[in-house]
Amino acid sequence: MNPSLYLIDGHAQIYRAFHAVEGLTAPDGSSIGATYGFTRMLLDLIASHHPEGVAMTFDSPGPTFRHQRYAAYKETRKPTPPELISQVPIITDIVKSYGIPCYAVPGFEADDLIGTLTRQAREANWDVVIVSGDKDCGQLLQDGVKLFDAGKNRFTDINSFREVKGLKPAQLVDVMGLWGDTSDNIPGVPGIGEKTGTLLIQKYGSLENLLDHADEVTGKRGEMLRANKEQALLSKELATICTTAPVTLDLESAKNLKPDIPRLHETFTRLGFSSLLRRLPGNAEPVVETVNYQLVDNPQAFASFLADLSRQSVFALDTETTGLDPLQAELVGISFSWQERTAFYLPFRLPPGEPVLSREHLEQLKPVLENPQIGKTGHNLCFDTLVLFRAGIALEGVVFDSMIAAFLVDGNYSEHGLKALARKHYQLEMTPIEALIGSGRNEISMDQVPAAKVANYAAADADVAWRLYHTLPKLLKEREGEKLFTTVELPLSRVLASMQAIGIRLDQEILDRESMETGELLSNLTQEIYALAGHAFNIASPKQLGVVLFSELGLPKIRHTQTGLSTDEAVLAELASTHHSEIANRILEYRMYSKLKNTYLDALPKLINPETGRLHTSFSQTRTATGRLASANPNLQNIPIRSARGRAVRAAFIPKDGWLMLAADYSQVELRVLAHFCQDPTLVQSFADGLDIHRTVAAAVRGVDPESVSREERSAAKAINFGIIYGQGAYGLASGTGMSHHQAQQFIDSYFARFPGIRSWMDQAVAEATRKGYVETLLGWRRRIPELASINHTRQARARREAVNTIIQGTAADLVKTAMVNLWGRLRRLGLASRLLLQIHDELLLECPPGEVEVVKKEVREAM
């Protein structure tokens, strides 16, 4: 059996990777999707197929010999996107770093080099696998030569080619002489496509023989064939891959790859390819370090440790607990570090029989942990703050949080966990928690793990947090995020910890009553839906619902998905409004009330903390691309308040006995932000005059007095006002308002004509974001949106909407966060008992003693 040489069409694979992996960026913000996709393909190929030899070909810049024959060759091809051009040298460097020989010859294309190298390899008794999805390479198939499409993981040989094409491989260029190739601007013969061309070549055997018998072809095709003989022959010539290019195959280099591991390691680290780093052979395995991790589990060791800790100006800390809920979990231990590769672990709960520190030792730590003059750093210190709060310690002096900093450095980076950052910045593969506590049925709690195992695990957390305290500030400075971090995001984490610790009180009687009534409503809706459908079915099943709506009732099929016909909310809304479908209306109601009951009315009481008797949501600063805060366990940001029953959920939030609730809500903050950025005179003046902005917009668009605007017209104006922020088009406006598509488009056109400053700013914002590769809010939150330069129109359109949305929504989030920090500080400085409980987008909710309400109103207004 002959050895196999895998010849990789470099540019074809780069293009495939570029379109397959969009939006991926390196830590410095540069586009690396093609680089990552190509490199992963290369490693997968080698790992799966174990080729005896590998070589790669690339196109050379500049014209080829084909351009000399036909000046318009490839003339219609779009320019290579800049974000792809910038990646080609990086990819070439990676290929060469793996020791893979690369071939590029001026005046020849990669296919020509593949053709020539294939001939030379066969002459040396090597089999060849051509790795390319390019259809042109089919002409090179012969005994011992196959094609491999890496994207489809599919081989093609002579036999399978003949079965699919009905041709011999060599006849492919004869067909292309007739059919041409639009991607390369090869003209072919007008009026003859692939199917007809194939039939003609099957009959006559070759293009030349067909042209000799052109008089036998009747009709228009015969006329075009006879009139374009020379063009057909030229087209065949242009499509034929050269097998005599000036290149020599070096089989020794192809079969004896010598990867430059340090170089690959540096490249993958710089690009943030943590998963590919783990695939490097030999000394590119995750770094194994010599560390000094100490278990402090007796009074003597503790006394020495405490003396050292007290002398530090700043240190990193991390807590270990029995669970993930910081307000219910027990403190198991605390780790500390103030020197790289050195850390200490203090256990307070361990398996029976193992020595632990006492409550008295924890009390001795309290003065240091509560000293605001001693700096503390860590990863997600909001969690540790709450754990220590429950243990009776009010953590003060937080100067850094690596999770928040990492998010500000790269908000698009999906992993901001400590282990991911250790891998990304230090090539450290930290021990997964499952290695200690297991998972599933066999999972135990951390206090059941032996001290030695917990100590190393916990100490590593503090050690890495300490290192990140020195690594991330430099990156923050590079992206100009220091001010946002120090003045807003870091102090906000303290505010959120306070809010989470306080929680909010619920009136369970309201929820129980609403749950029962909503259950009855759902039961009635179910029977109505069954009656409209003509039979019972599973309303919650999209598949069964699709059958009822589209097959049985014959409603219009609005949108297809990968799994079938869509029955999502947008589709149902269009069926209800445009096609007046009663069953669609009822299903929308059913879904709304079902979600309300399952997500809130029934679920919230079960989440009440048994110790505090209150509901404690978890706020996150690092979960949304626009910089908005997120709420989870439970999510209190999305409580529906448009329906009376939805508002009843909000009514169930009550203050402590004898206190009052105070809600402060920005008025149309996102539209005001839009007015600030676009400076449209009419929009700005409307806000300055305190007018009803929706009525004003409707009047301006309709060209009538505000008093003449109908309720429906105001609703339409409101929909488009807010729709602009989310990039809503005519389809979305029509679905939300009941307008026809034509009416909605007219309204949008009139809107932008009346408020030209809005469109001008949006276009300018998108253009600037495209140039920079990111958008920025008023206070400096940056979101990278590389898809703005995508050649995929759908992705680019979505990216344009995201760019505008992020600037407006993100700036609104900046304002709310700043207000929260200011208000919380004001309440503390004034010694008020009133406290901030919840943030719901542009609304703040507080509870106040009656005697403080008036002063708190004043403080809230000033802070916001």
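Here the structure is shown first, and the text comes after it.
First, a word on what this report is: a plain description of the structure on this page. All of these numbers come straight from a predicted model, not from anything done at the bench. (Residues numbered from 1 in each chain as written. Predicted model: local features only at pLDDT ≥ 70, side-chain atom pairs only at ≥ 80, totals over all residues. Heavy atoms only, no water.)

### Observations regarding the overall build of the chain
Where we set the bar: Comment: elements are numbered from the N terminus, with helices defined as DSSP H or I runs of at least four residues and strands as E runs of at least two. Any two residues whose heavy atoms approach within 4.5 Å are treated as being in contact. When charges are counted, Lys and Arg contribute as positive and Asp and Glu as negative, whereas His and the chain ends are disregarded. All charge positions are set by atom: Lys at NZ, Arg at CZ, Asp at CG, Glu at CD.
Summing up its helical and strand segments, the chain has 37 helices and 23 strands in all. When its C-alpha atoms are laid out on the principal axes, the chain stretches across 105 × 80 × 55 Å. Within the chain, contacts between residues at least 6 apart in sequence are counted, and of these 67% link residues at least 24 apart. Of the side-chain charges in the chain, 91 are positive and 102 negative, and the distance between the mean point of each set is 2 Å.

### As for the packing of aromatic side chains
This is how the line gets drawn: Whether two aromatic rings pair depends on their centres lying within 6.5 Å, for rings of Phe, Tyr and Trp, where Trp uses its six-membered ring; planes under 30 degrees apart make the pair stacked, over 60 edge-to-face, and the rest tilted. Residue burial is assigned from relative accessible area. The probe radius is 1.4 Å, only protein chains are included, and a residue is buried under 20% of its type maximum, exposed over 50%, and partly exposed in between. Only when the NZ atom of a Lys or the CZ atom of an Arg is both within 6 Å of the ring centre and within 35 degrees of the ring normal do we say a charge sits over the ring.
Across all of its chains, the model carries 18 aromatic pairs by this definition. Measuring from centroid to centroid gives 5.4 Å for phenylalanine 305 and phenylalanine 344, while their planes differ by 55 degrees, and the two rings are tilted. With a gap of 39 residues between them, phenylalanine 305 in helix α16 (residues 299–310) and phenylalanine 344 in strand β10 (residues 342–347) connect regions that are remote in the sequence. This pair shows no difference in class: phenylalanine 305 is buried, exactly as phenylalanine 344 is. Residue placement shows lysine 146 over the ring face of phenylalanine 155; its charged tip is 5.6 Å from the ring centre. One Lys or Arg, lysine 656, reaches over the ring of tryptophan 659 and ends 4.5 Å from the middle of that ring.

### Examining unusual backbone geometry
Residue proline 634 is bonded to the preceding asparagine 633 through a cis peptide linkage, with omega at 5 degrees. Counting through the fold element by element, proline 634 comes out in the loop between β17 (630–632) and α28 (644–651). You will see that arginine 341, though not glycine, has its phi angle at about 70 degrees, which is positive. When you line up the elements, arginine 341 lands in the loop between β9 (331–339) and β10. For arginine 341, a relative accessible area of 33% puts it in the partly exposed group. In this structure, asparagine 633 is a non-glycine residue whose phi angle is positive, near 55 degrees. On the secondary structure map, asparagine 633 appears in the loop between β17 and α28.

### Thoughts on the sheet that holds strand β11 (residues 375–378)
Either a parallel or an antiparallel arrangement is found when strands of a sheet pair, and the pairing is made through backbone hydrogen bonds. Keep this limit in mind: Strands qualify as paired when DSSP identifies two bridges or more between them. Angles shown run from 0 to 180 degrees and are taken between the N-to-C directions of axes, each axis being a line fitted to C-alpha atoms and, for helices, limited to the stretch in contact.
The mixed open sheet is built from six strands, whose spatial order is β7-β10-β9-β8-β11-β12. Of all the strands in the sheet, just β7 (292–295) and β12 (398–401) have a single pairing partner and so form its edges. Averaged over all adjacent pairs, the angle separating strand axes in this sheet is 25 degrees, with direction ignored. Bridge analysis of strand β8 (residues 314–321) against β11 gives three bridges, and the strand direction is parallel. Its bridge partner lying in β11, alanine 316 is registered against threonine 377. Together, β8, β9 and β10 form the strand contacts of α16, whose direction differs from that of β9 by roughly 50 degrees. Its contacts with the sheet place helix α17 (residues 359–369) against β8, β9, β10 and β11, and it is angled at close to 45 degrees to β9.

### Some remarks on the pattern of salt bridges
Our working definition: The working definition used for a salt bridge is a side-chain nitrogen of Lys or Arg within 4 Å of a carboxyl oxygen of Asp or Glu.
As enumerated under the stated definition, the model contains 49 salt bridges in all. Here glutamate 123 ties to arginine 119 by a salt bridge, and the two come within 3.1 Å at their closest N and O atoms. On the criterion of helical spacing, the pair formed by glutamate 123 and arginine 119 is a turn pair, its members being four residues apart in helix α6 (residues 110–123). We classify glutamate 123 as exposed; its relative accessible area is 56%. Two residues, glutamate 843 and arginine 650, come together in a salt bridge whose shortest N-O distance is 2.8 Å. Placement of glutamate 843 in strand β23 (residues 843–848) and of arginine 650 in helix α28 is noted, with a sequence separation of 193 residues between them. In terms of burial, glutamate 843 and arginine 650 fall into one category: buried. Linked by salt bridges that have partners in common, Arg66, Lys74, Glu109, Asp112 and Asp184 make up one network.

### Some thoughts on the sheet that holds strand β22 (residues 835–840)
Strand order in this open sheet of three strands is β19-β23-β22, and the pairing throughout is antiparallel. Here the strands that pair on one side only, and so sit at the sheet edges, are β19 (660–665) and β22. Geometrically, the sheet is characterised by an average inter-axis angle of 25 degrees between neighbouring strands, direction not taken into account. In the sheet, β22 pairs with β23 via five bridges, with the strands oriented antiparallel. Looking at β23, one finds that glutamine 839 is bridged to leucine 844. Here helix α36 (residues 793–829) sits on the sheet and contacts β22 and β23; the angle it forms with β22, its principal contact strand, is near 170 degrees. Here helix α37 (residues 853–863) sits on the sheet in contact with β19 and β23, set at roughly 20 degrees to β19.

### Some remarks on the nonpolar core
The tendency in soluble globular proteins is for nonpolar side chains to be buried side by side. The criterion, for reference: Nonpolar cores are built from buried Ala, Val, Leu, Ile, Met, Phe, Trp, Tyr and Cys residues. Side-chain atoms within 4.5 Å join them into one set.
The biggest cluster of nonpolar side chains holds 109 residues, and the ones touching the most others in it are Ile758 and Met820. The leading source of residues in this core is α36, at 13 residues. Among all residues touching methionine 820, those that are not within four sequence positions of it are Leu492, Val495, Leu496, Met499, Leu629, Leu836, Gln839 and Leu844. Judged by nonpolar contacts, the second largest core, of 50 residues, contains Leu117, Val145, Leu200 and Leu210.

### Brief notes about helix α25 (residues 542–552)
The condition that has to hold: Note that the arc is defined by the directions from the helix axis to the C-beta atoms.
Among the residues making up α25, those that are buried are Leu545, Gly546, Val548, Leu549 and Phe550. End-on view of α25: buried residues confined to an arc of 165 degrees, all on one side of the axis. Pointing more than 90 degrees away from the buried face of α25 are the exposed residues Lys543 and Ser551. Check the buried side of α25 and you find it contacts α24 (508–533), β15 (564–565), α26 (569–577) and α27 (582–601). One or two residues past the end of α25 sits glycine 554, with phi positive at roughly 70 degrees.

### Side note on the pairing of β23
Taking burial as the measure, the six residues of β23 include six buried ones, the bulk of the element. The alternating pattern of β23 places Glu843, Leu845 and Glu847 and Leu844, Leu846 and Cys848 on opposite faces, both of which are buried. Joining the antiparallel neighbours β22 and β23 is a turn of two residues, in which histidine 841 adopts a positive phi near 60 degrees.

### Comments concerning a nonpolar patch on the surface
Inclusion rule: Residues forming no salt bridge and having over 30% relative accessible area are the ones grouped into patches, like charges within 9 Å of each other and nonpolar side chains (Val, Leu, Ile, Met, Phe, Trp, Tyr) within 5 Å. For every accessible area listed, the method is Shrake-Rupley and the probe measures 1.4 Å; residues are considered covered only by the protein chains on display.
On the surface, Leu778, Leu779 and Leu815 cluster together into a nonpolar patch covering about 230 Å² of accessible area. Secondary-structure assignment places leucine 779 in the loop between β20 (774–776) and β21 (782–784). Here leucine 779 falls in the partly exposed class, since its relative accessible area comes to 37%.

### Let's talk about the environment of tyrosine 70
Along the chain, tyrosine 70 falls in the loop between α3 (65–69) and α4 (82–85). A relative accessible area of 22% places tyrosine 70 in the partly exposed class. C-alpha of tyrosine 70 to C-alpha of arginine 782: the two residues are 712 residues apart in sequence and 48 Å apart in space. Aside from chain neighbours lying at most four places away, what touches tyrosine 70 is Asn185, Pro187, Leu234 and Leu238.

### Notes on the packing of α26 against α27
Selection criterion: Oblique is the label for every angle not falling under 35 degrees (roughly parallel), over 145 degrees (roughly antiparallel), or within 65 to 115 degrees (roughly perpendicular). For any pair of crossing helices, the crossing counts as left-handed if the nearer helix is rotated counterclockwise from the farther one by less than a right angle, and right-handed if it is rotated clockwise. All amino acids are sorted into three groups, where Ala, Val, Leu, Ile, Met, Phe, Trp, Tyr, Cys and Pro are nonpolar, Asp, Glu, Lys and Arg are charged, and the leftover types, Gly among them, are polar.
Across the interface, α26 lies against α27 with an axial gap of 8 Å and an inter-helix angle of 140 degrees. Viewed along their axes, α26 and α27 adopt a mutual orientation that is oblique. Regarding α26 and α27, the two cross each other, and that crossing is left-handed. The segment α26 lies against α27, with Glu569, Leu572, Ala573, Leu575 and Ala576 engaging Ala584, Asn585, Ile587, Leu588 and Arg591. Per-class residue counts for the contact of α26 with α27 are seven nonpolar, one polar and two charged.

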